[in-house]
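# Close look at the chain arrangement
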Amino acid sequence: MAEDLFIEMEYAQFTKTGQAACGDDVRLLTVDRENRYIAALSDGLGSGVKAHVLSTMTTTMALRFLQSNIPTLEAVEIIMDSLPVCETRKISYATFSLFDFALGGRAKILEMGNPGYIHLRGTEEIAPVSEERMVSVHWPDRTVRECEVDLRAGDRIILCSDGVTQAGLGERRDMKLGWRRSGVRAFAQERIAAEADISARDLSLEIARRSVNITAGVCRDDVSCLVVYLRHARVGRILTGPAFRRESGAEFASQAGLGEDHVVICGGTTMNILTRELGVEVKISLADMRAAGRLPPVGKVPGVGIATEGILTLSAVLSALEEGRSPEGESPAARAILERLARHDRIEFVVGTKVNESHQDPNIPQDLELRRSVTRRLAAVLEKRYRKEVRVNFY
């Protein structure tokens, strides 16, 4: 069903060696009220700061025009007229690839100058069918490829800059013309064959890294790879805090029945409810205890999920998300939750609303926030910065 489908849009990027700014730019936009997903990838002319300005201008304008449903050629002409002219080459443009899709409809892909998109259904390539259109009489040498794509659950769209397809060009005998679009496609097919449900995040990163490794880790050009993956939503659930009414305990505990890889139980009181209602127990290894640091270790609840300390751990997770920190530098408990959040598309918080008396202790730091406040901030940052679907249920 359409409401169960989820669009994962993720990209990976590497800057040309020796440059301070990436000459490519990628921007993603979700229009919630229209269930619509828009992406723009642009490669600015040249490299460095000037290219970065060109590509950023292009993606910013492109997203606005797509969202406003301005006719394609009119939008492209405005973009071309707005970009500064390169003094050396006497041309004014940045190449781009645009993706526009509303769940239940067909996807539209527009390309100018970038390598052609790759459409994979599983490991099978769906050949692109596009129409070439001249931008305008002002730009007779510029054409736009326009294509409508029938996207189905399990399909992936791969867009990239020529820094990916031209990797190895002129440097490797086995790649006289570079890695090329065919090399990118074959690599993606190989990875999907090995891991059928590989995420857009992981696939885009592996493609980008592979292109850089072709030239022994030296970026000869800016590298950008965007992957769009249409699939059934992966749901993760976090239970925290005791339910307001004790008689709601059984219903509250039943929310932990999503599956062992998808559930996090935050807080000792929350775990006590599950122990009472479901007859389960936390198992903690000695190694986990040694690695835990200042927070209690991560426990495993067989058949249910993982268990962590409550408000301190959630506050640490919130801080890492808001500051964009990598999970690797966090405590084991916060890292475990961050990794699960990254793997899931729809995050469901099941929040007990009974006041935990321990959090009223005046000795607890003043900036320690209660469950409901932390949950609301977590929901906001997950939606706005990490493009997750978030649902919060209070008990």
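The shown structure was predicted, so the numbers you read here are calculated from the model rather than taken from an experiment. (Residues numbered from 1 in each chain as written. Predicted model: local features only at pLDDT ≥ 70, side-chain atom pairs only at ≥ 80, totals over all residues. Heavy atoms only, no water.)

## Side note on the overall build of the protein
Helix and strand content of the protein: eleven helices and 17 strands. Across the 395 residues that make up the protein, the buried fraction comes to 50%. In the protein, of all internal contacts separated by at least 6 residues, the share reaching a separation of at least 24 is 68%. Carbon together with sulfur atoms contributes 49% to the accessible area of the protein, which is approximately 18,900 Å² in total. (Helix = DSSP H or I, 4+ residues; strand = E, 2+ residues; numbered from the N terminus. Buried < 20%, exposed > 50% of the residue type's maximum accessible area, 1.4 Å probe, protein only. Contact = heavy atoms within 4.5 Å. Areas by Shrake-Rupley, 256 points an atom, 1.4 Å probe, with all protein chains shown as cover.)

## Section: the confidence of the model for the protein
Scored by pLDDT, the protein has a mean of 87; 90% of the residues are at 70 or more. Here residues 363-369 is modelled with pLDDT under 50, and outside its nearest four sequence neighbours on either side it reaches eight contacts, counting other chains as well. (pLDDT = per-residue confidence, 0-100.)

## Topic: the pairing of strand 5 (residues 107-112)
In terms of residue burial, strand 5 counts as a mostly covered element, since five of its six residues are buried. Counted between consecutive antiparallel strands, the loop separating strand 4 (residues 94-102) from strand 5 contains four residues, among which Gly104 sits at a positive phi close to 95°. (Pairing = 2+ DSSP bridges.)

## A word on the side chain of Glu146
With respect to the helices and strands, Glu146 occurs in strand 9 (residues 139-149). Among the polar contacts made by the side chain of Glu146, one reaches the side chain of Thr72 at a distance of 3.2 Å. In this view, Glu146 contacts Thr72, Lys108, Ile109, Leu110, Val129, Ser130, Glu131 and Arg133; residues no more than four positions away in its chain are not counted. (Polar contact = N/O pair within 3.5 Å; in protein donor to acceptor, adjacent residues only side chain to side chain.)

## Digging into the packing of aromatic side chains
Throughout the structure, instances matching the rule amount to three aromatic pairs. Relative to Phe101, the ring of Phe99 lies with its centre 6.3 Å away and its plane at 40°, an arrangement referred to as tilted. Here Phe99 and Phe101 have matching classes, each one buried. Here the guanidinium or amino end of Arg156 rests over the ring plane of Tyr229, the centre of that ring lying 3.9 Å away. (Phe/Tyr/Trp six-rings, centres within 6.5 Å; stacked < 30°, edge-to-face > 60°. Lys NZ or Arg CZ within 6 Å of the ring centre and 35° of its normal.)

## Regarding the nonpolar core
In this structure, Val317, Leu321, Ile337, Leu341, Phe349, Leu378 and Leu382 are the most contacted members of the largest nonpolar core, which totals 27 residues. Going through the elements one at a time, strand 13 (263-266), helix 9 (311-323), helix 10 (332-343), strand 16 (346-351) and helix 11 (371-384) are the ones with two or more residues in this core. When neighbours within four sequence positions are excluded, Val317 is seen to be in contact with Ala334, Ile337, Leu338, Leu341 and Leu378. Cys160, Ala167, Val184 and Val223 belong to the second-largest nonpolar core, a separate cluster that totals 25 residues. (Core = buried A, V, L, I, M, F, W, Y, C linked by side-chain atoms within 4.5 Å.)

## Digging into the packing of helix 1 (residues 48-67) against helix 2 (residues 72-82)
Where helix 1 meets helix 2, the axes come as close as 10 Å, and the angle between the chain directions of the two elements is 155°. As summarised for this structure, helix 1 and helix 2 are arranged roughly antiparallel, according to the angle between their axes. Of the two elements, helix 1 crosses helix 2, and the hand of that crossing is right-handed. Between helix 1 and helix 2, the residues in contact are Met57, Thr58, Met61, Ala62 and Phe65 and Ala75, Ile78, Ile79 and Ser82, respectively. Classifying every residue of the contact of helix 1 with helix 2 gives seven nonpolar, two polar and no charged. (Axes fitted to C-alpha atoms, helices over the stretch in contact; angles between N-to-C directions. Parallel < 35°, antiparallel > 145°, perpendicular 65-115°, else oblique. Left-handed = near helix turned anticlockwise from the far one by under 90°. Nonpolar A, V, L, I, M, F, W, Y, C, P; charged D, E, K, R; others polar.)

## Overview of the pattern of salt bridges
Applying the stated criterion across every chain, the model contains 21 salt bridges. Here Asp202 and Arg201 are joined by a salt bridge, their closest N and O atoms 3.8 Å apart. Under the relative-accessibility criterion, Asp202 is labelled partly exposed at 30%. The partner of Glu323 in a salt bridge is Arg325, with the nearest N and O atoms 2.6 Å apart. Connected through salt bridges with shared partners, the residues Glu8, Arg231 and Asp345 form a single ionic network. (Salt bridge = Lys/Arg side-chain N within 4 Å of Asp/Glu carboxyl O.)

## Let's talk about the sheet that holds strand 1 (residues 5-14)
What the five strands build is an open sheet, ordered 1-11-10-6-7; its pairing is antiparallel. A strand with exactly one partner marks an edge of an open sheet, and here the two such strands are strand 1 and strand 7 (124-125). Where strand 6 (residues 118-121) and strand 10 (residues 155-160) come together, four bridges link them in antiparallel fashion. Note on strand 10: the bridge partner recorded for His119 is Ile157.

## As for the pairing of strand 1
Successive side chains on a regular strand alternate, one facing one side of the sheet and the next facing the other. Judged by how many residues are buried, strand 1 sits mostly within the fold: seven of ten residues are covered. Across ten bridges, strand 1 lies against strand 11 (residues 223-232) in antiparallel orientation. Bridging from a neighbouring strand, Phe14 pairs with Val223 of strand 11.

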